[in-house]
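Chains, contacts and geometry: an overview
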Amino acid sequence: MRIENLCVKRQIGDVAGATTRGHKMAIKGGYIYQTFQGGYTLTPTGWRVVHKIENIIRDEMDKIDGQEILMPVVCTADLWRETGRYDAMAVLAKFKGSSGADYVICPTHEEVVTDYARSVIGSYRQLPFMLYQIQTKFRDELRVRAGLIRTREFIMKDGYSFHETQEDLERYYKLCFDAYYRIFRRCGLKNIIDVMSSTGDMGGAVAHEFQLVNEMGEDTLYICDCGFRANKELEDQQGGGENAVCPKCGKPMQKVRGIEIGNIFQLGKKYSDSMHMTYTAADGTEKTPIMGCYGIGVGRTMAAILEESADDNGPIWNMETAPFAVEVIGLVDKENKTLPMAEKIYNELKNAGVDVLLDSRDIRAGEKFADADLIAAPIRLIVSEKNLSRNVIEVKYRVNDFDTSSLQSEFKIETCVADTLNTIQKLLHK
RNA sequence: CGGGGCGUAGCUCAGUCUGGUAGAGUACUUGCUUUGGGAGCAAGGUGUCGAAGGUUCGAAUCCUUUCGCCCCGACCA
């Protein structure tokens, strides 16, 4: 992609209507465009980032034998009446079709997935399995906040597992727990913790949230040296509050703010029971599966990265999440040698399958560098008169979770493409 | 839904109190000079002043209504 044709508006100077660092970066860098309150268009660069996060999630879900599906965004009210949530869920958006039928825009998919799963299941031999999707949700939240941190429409990865026994659910729950840490680490997030949480509208007994510890977070978390960590909602249920003491060891707990980007629940039989999902067990009796569910806010994960990882010049992605792996910058010279060379390197990288951006505009160097900081490709190749005279291409790095001090600061022209491919691999495997 | 704030050029904003030809910076287009961290000169285009009513000779400005947006609270798989 040539930068002049990239349909993304980057912005110099202040942005109006954004207060947190991440929200400002998202607007300044042109990653999101607000279409309405609580609804954002993901721009070409924003969508690239989201897509990369999604693919990390897919990769890790598939590793624990998750099976990707896609359910409808909208469904009729009957499934929601089966579980009683049609009238119980405050954020549920409802509308009537032209025939008068009641519809909901799904805020989560327990009902829909259980309806599918019960149509498939017959025997205990089919258990366990986990189904997941990455899809748009809508929740009619009372208030939105900080760009993609809290929206009404958002992309979520939601997974649902089905088991014969509580022991098997707990075994899988732990697998998913570990996969979540791998996902967030690969996204470049550093300060992630898991906390025990309340189960809210979801039902069930055991639940954990994955929180990015960050001062602009909207959740209050309690952390104890002994390892106990809980969300304020849960803590309140246990009689905590200000000056809470740890229920496990009795010592005072530390209070921090967090952005919730994922959560997992041991649901039990709430949905499988109320929706009459059964299978035939080994002893010939009809039994109800035990369920778990596993969510990640995909857009919110991008927003969390932006809150945690940016400098004054723009966001700092890592190689797995950056919209482009490489940006080639040709600095204008009098003899017109640099731009053809930049173009040549760009084409070779593109043919090698690299996500590469070319900036060969007839503008000043400073403007290109500042713009490059907003797009934040981890590898920046600079083609200039002074470098060409030495037969090299200058390399600069912008990456949030890799020590680049041991990497080359210039490539020889002849080996530039191979060296770049090599370096991309290094930045991918930490 | 309560409290506070804001809607004027693509963007950031002034002008509103005290009514009188629509503004600045930046961005954009063209030309010349520049060219390693958002250049200089010259010329050029840019608006339903969020919308609708009302008052007035005259409304961005005053009055009423309405729509949208931001922040705080309540709420929150």
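Residue numbering note: each chain is counted from 1, following its sequence as written. The lettering of chains begins at A and the numbering of ligands begins at 1, in the order of writing. Side-chain atom pairs in this predicted model are given and counted only at pLDDT of 80 or more, local residue features only at pLDDT of at least 70, and totals for whole chains, interfaces and linings cover all residues. Side-chain metrics rest on all non-hydrogen atoms present in the structure, leaving aside hydrogens and water.

Attention now moves to the overall build of chain A. In this description a helix means any DSSP run of H or I spanning at least four residues, a strand means any run of E spanning at least two, and both kinds are numbered starting from the N terminus. A tally of helices and strands in chain A yields 13 helices and 23 strands. The globule rule used here is 2.2 Å times the number of residues to the 0.38 power, and the radius of gyration it is set against is calculated over C-alpha atoms. For chain A, whose C-alpha radius of gyration is 25 Å, the value lies close to the compact-globule estimate of 22 Å for 430 residues. If you line up chain A on its principal axes, its C-alpha atoms span 80 × 50 × 45 Å. Exposed residues in this analysis have more than 50% of their type's maximum accessible area, buried residues have under 20%, and partly exposed residues fall in between, with area computed by a 1.4 Å probe over protein chains only. Sorting the 430 residues of chain A into buried and exposed places 57% on the buried side.

Right, let's talk about the layout of surface pockets for a bit. Approximately 280 Å³ is the volume attributed to the second largest pocket. Using a 1 Å grid laid over the protein atoms alone, points where a 1.4 Å probe fits but cannot get out form a cavity; open sets with protein on both sides within 12 Å along at least 5 of 7 lines form a pocket; any residue with an atom within 4 Å of a point counts as lining. What lines the second largest pocket is a set of 13 residues, among which Ile 12, Glu 367, Ala 370, Asp 371 and Leu 374 lie closest to the centre. Sorting elements by how many residues they give to the lining of the second largest pocket places helix α11 (residues 365-375) first, with five residues. Residues were grouped as follows: Ala, Val, Leu, Ile, Met, Phe, Trp, Tyr, Cys and Pro as nonpolar; Asp, Glu, Lys and Arg as charged; and all remaining residues, including Gly, as polar. Its residues placed into classes, the lining of the second largest pocket shows four nonpolar, two polar and seven charged. Grid points are joined across faces, edges and corners, and a volume is the space filled by probe spheres set on the points.

Moving on, we come to the domain arrangement of chain A. Boundaries of every domain are those given by an automatic assignment or by a domain database. When the domains of chain A are assigned, the result is domain 1 (17-311) and domain 2 (316-428). Here domain 1 and domain 2 have C-alpha centroids that lie 38 Å from each other. Throughout, a contact is declared for two residues whenever any of their heavy atoms are within 4.5 Å. In this assembly, 20 residues from domain 1 lie in contact with 14 residues from domain 2. Buried area: the sum, over both parts, of the accessible surface (1.4 Å probe) that disappears when the two are put together. Ranking the residues of domain 1 by area buried against domain 2 places Tyr 31, Arg 48 and Lys 52 at the top, with a combined share of 32%. Here a polar contact is taken to be a pair of N or O atoms separated by no more than 3.5 Å, where protein atoms must pair a possible hydrogen donor with a possible acceptor and residues adjacent in sequence count only if both atoms sit in side chains. Along the contact surface separating domain 1 from domain 2 lie 13 residue pairs in polar contact (both at pLDDT 80 or more). Going through the elements one at a time, α2 (44-63), α6 (166-186), α9 (298-308) and β17 (310-311) are the ones with two or more residues in the side of domain 1 that touches domain 2. The biggest single contributor to the side of domain 1 that touches domain 2 is α2, with six residues.

Any two side chains of opposite charge can pair if their charged atoms end up close together. The rule for a salt bridge is simple: a side-chain nitrogen of Lys or Arg has to be within 4 Å of a carboxyl oxygen of Asp or Glu. Enumeration according to the criterion identifies 36 salt bridges in this entry. Put simply, Asp 373 and Arg 380 hold a salt bridge, and the shortest N to O gap is 2.7 Å. On the accessibility criterion, Arg 380 (9% relative accessible area) is buried. Among the ionic contacts, a cluster of salt bridges with common partners joins Asp 59, Glu 60, Lys 63, Arg 182, Arg 186 and Glu 320.

Our next topic: the nonpolar core. One finds Met 61, Tyr 180 and Met 302 to be the most contacted residues of the largest nonpolar core, which totals 53 residues. Elements with a minimum of two residues in this core: α1 (21-28), α2, β7 (129-138), α6, β10 (207-213), β13 (254-268), β16 (290-297) and α9. In terms of residues, this core owes the most to one element, α6, which gives nine residues. Those residues in contact with Tyr 180 that sit more than four places away from it in its chain are Met 61, Lys 157, Phe 210, Gly 262, Asn 263, Ile 264, Tyr 294, Gly 295 and Ile 296. What we call a nonpolar core is a set of buried Ala, Val, Leu, Ile, Met, Phe, Trp, Tyr and Cys residues that are connected through their side-chain atoms within 4.5 Å. The next biggest cluster of nonpolar side chains, apart from the first, holds 30 residues, and it includes Leu 79, Val 104, Tyr 160 and Ala 281.

So, on to the sheet that holds strand β22 (residues 392-397). Within a sheet, adjacent strands bond to each other through the backbone by hydrogen bonds, running parallel or antiparallel. For two strands to be treated as a pair, DSSP must find no fewer than two bridges joining them. Reading across the sheet, the five strands line up as β20-β19-β21-β22-β23 and stay open at both edges, with mixed pairing between neighbours. Whereas interior strands pair on both sides, the edge strands pair on one side only; in this sheet they are β20 (356-359) and β23 (410-412). Taken pair by pair, the neighbouring strands of this sheet meet at an average axis angle of 25 degrees, ignoring direction. Inspection of the sheet shows strand β19 (residues 326-330) paired to strand β21 (residues 379-383) by five bridges, in the parallel sense. By the bridge assignment for β21, Glu 327 is matched with Arg 380. All axes here are fitted lines through C-alpha atoms, helices being fitted over the stretch that makes contact, and every angle between N-to-C directions spans 0 to 180 degrees. Here α11 sits on the sheet and contacts β19, β20 and β21; the angle it forms with β19, its principal contact strand, is near 175 degrees.

Two numbers describe how α2 lies on α6: the axes approach to 10 Å, and their chain directions differ by 155 degrees. With respect to α6, the element α2 is oriented roughly antiparallel. Judged by the twist between their axes, the crossing of α2 over α6 is right-handed. For the pair formed by α2 and α6, the contact residues are Ile 56, Ile 57, Asp 59, Glu 60, Met 61 and Lys 63 on the first element and Cys 176, Ala 179, Tyr 180, Arg 182, Ile 183 and Arg 186 on the second. Of the residues contributing to the contact of α2 with α6, the split by class is seven nonpolar, no polar and five charged. Any angle that falls under 35 degrees is termed roughly parallel, while one over 145 is termed roughly antiparallel, one within 65 to 115 roughly perpendicular, and all others oblique. Crossing handedness: left-handed means the near helix sits turned counterclockwise from the far one by under a right angle, and right-handed means the same turn made clockwise.

Here α9 lies mainly inside the structure; 11 of its 11 residues are buried. For α9, the complete set of buried residues consists of Val 298, Gly 299, Arg 300, Thr 301, Met 302, Ala 303, Ala 304, Ile 305, Leu 306, Glu 307 and Glu 308.

Taken over all residues, the pLDDT of chain A has a mean of 92, while the share at 70 or more is 96%. Across the chain, each position has a pLDDT score giving the predictor's confidence in that residue, from 0 to 100. Least confident of the elements in chain A is helix α7 (residues 232-237), whose mean pLDDT is 70; most confident is strand β3 (residues 66-68), at 98.

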